[in-house]
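A structural walkthrough
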Amino acid sequence: MALIWILAGTVIAGVGSVWIAAMLSFGIMARLTKHMLSFAAGALLSTALLQLLPEALAAGISADALFAFLLAGVVFFFILDKAELYHHGHEHGEQGLDLDTLADPAVGHGQASSAHAHSHAHAHAHTHAHGTTGSGGWAVLVGDSVHAFGDGILIASAFMADWRLGMLASLAVLAHEVPHHMGDLVVLRHVAGNARSALVKVSLAGTVTALGGVAGYFLLAQFGAYLPYFLVIAASSFIYVALADLIPQLQRQASLRDSVGQLTWLILGIGLVFLVGALAHSGHGH
């Protein structure tokens, strides 16, 4: 039964995030585009601090070991980031493409695609200029697939602790992958010349999340005693992405109205996870 929940959660997070990104990028829900980073940051932080870490403590890991492992996890993801193995490339605003650009029909498609091609290449350090992306954008897709596999393992660890915790982790991963996939869709749409091809390619990369979930399931089946530590690793991943990737985007100079909107959506992300977690725990009899 746990494997079924893991497959459901990883498909929702991996493929669902792509389809939501497509709706945001290609106009159906474009007005919500600029709020996704704020919402994702709130969801990630609240899932890590209010759900994953308390669950690890309840599973018997000592507070000293938990915080030491949490610190080690953050440093580990920092090292991966420096090696360009983990970075999400959310710098749409700072590197030349604001998320609002995707939602603004007044901005030319060529301008947006060109700006993001530069942004995405810088963020992932693949140096895939038009010559590389012109071959099909495989550097983008390989990077997506590797990261999706890691997300799948983290989601599996949450599901192995409790299916409700797994669904919250899936929601958090979905929220923070949406801005990332929006950028990928713009790049691949520029390469392929049509939105459908880009959507299919990024969706296929998203399915690798399910493969990571299956791998995580069998890994934890062998090393179940270390599940609390896997939960701490998942929490350190969420905290690192929120604080190193997402929140710096929100600290750019903005109008008072935009700042209020960012704070509102950040609180909405926190509140949603808190509410769902409270309902789940009450239903579980905690």
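The rules behind each value
- Residues numbered from 1 in each chain as written.
- Predicted model: local features only at pLDDT ≥ 70, side-chain atom pairs only at ≥ 80, totals over all residues.
- Heavy atoms only, no water.
- Helix = DSSP H or I, 4+ residues; strand = E, 2+ residues; numbered from the N terminus.
- Expected span 1.5 Å × (residues − 1).
- Bend = angle between axes of the 7 residues up to and from the residue.
- Buried < 20%, exposed > 50% of the residue type's maximum accessible area, 1.4 Å probe, protein only.
- 1 Å grid on protein atoms, 1.4 Å probe; cavity = no way out; pocket = protein on both sides within 12 Å on 5 of 7 lines; lining within 4 Å.
- Points joined across faces, edges and corners; volume = space filled by probe spheres on them.
- Nonpolar A, V, L, I, M, F, W, Y, C, P; charged D, E, K, R; others polar.
- Axes fitted to C-alpha atoms, helices over the stretch in contact; angles between N-to-C directions.
- Parallel < 35°, antiparallel > 145°, perpendicular 65-115°, else oblique.
- Left-handed = near helix turned anticlockwise from the far one by under 90°.
- Contact = heavy atoms within 4.5 Å.

**Notes on helix α3 (residues 36-58)**
- Taking 1.5 Å per residue as the helical rise, α3 with its 23 residues ought to reach 33 Å, and the 32 Å between its terminal C-alpha atoms agrees with that figure.
- Helix geometry: α3 is bent most strongly at alanine 48, by close to 35 degrees.
- Most of α3 is tucked away, with 18 of its 23 residues classed as buried.
- Among the residues trailing α3, glycine 60 stands out with phi positive, at a value near 115 degrees.

**With respect to empty space enclosed by the protein**
- Going through the model one piece at a time under the given rule, you end up with 2 cavities of 30 Å³ or more.
- As for the largest cavity, its lining consists of 13 residues, of which Asp144, Ala148, Glu177, His181 and Thr209 are closest to the centre.
- When contributions to the lining of the largest cavity are tallied by element, the ones reaching two or more residues are α1 (2-14), α8 (138-161), α9 (163-192) and α10 (195-206).
- Partitioned by chemical class, the residues of the lining of the largest cavity number 4 nonpolar, 6 polar and 3 charged.

**Overview of the packing of helix α2 (residues 16-25) against α10**
- One way to put it is that α2 packs onto α10 with a least axis distance of 8 Å and a crossing angle of 155 degrees. Between α2 and α10, the interaxial angle falls into the category roughly antiparallel. Crossing hand, α2 versus α10: right-handed. Mapping the contact onto sequence places Val18, Trp19 and Ala22 in α2 and Leu199, Val202 and Ser203 in α10.

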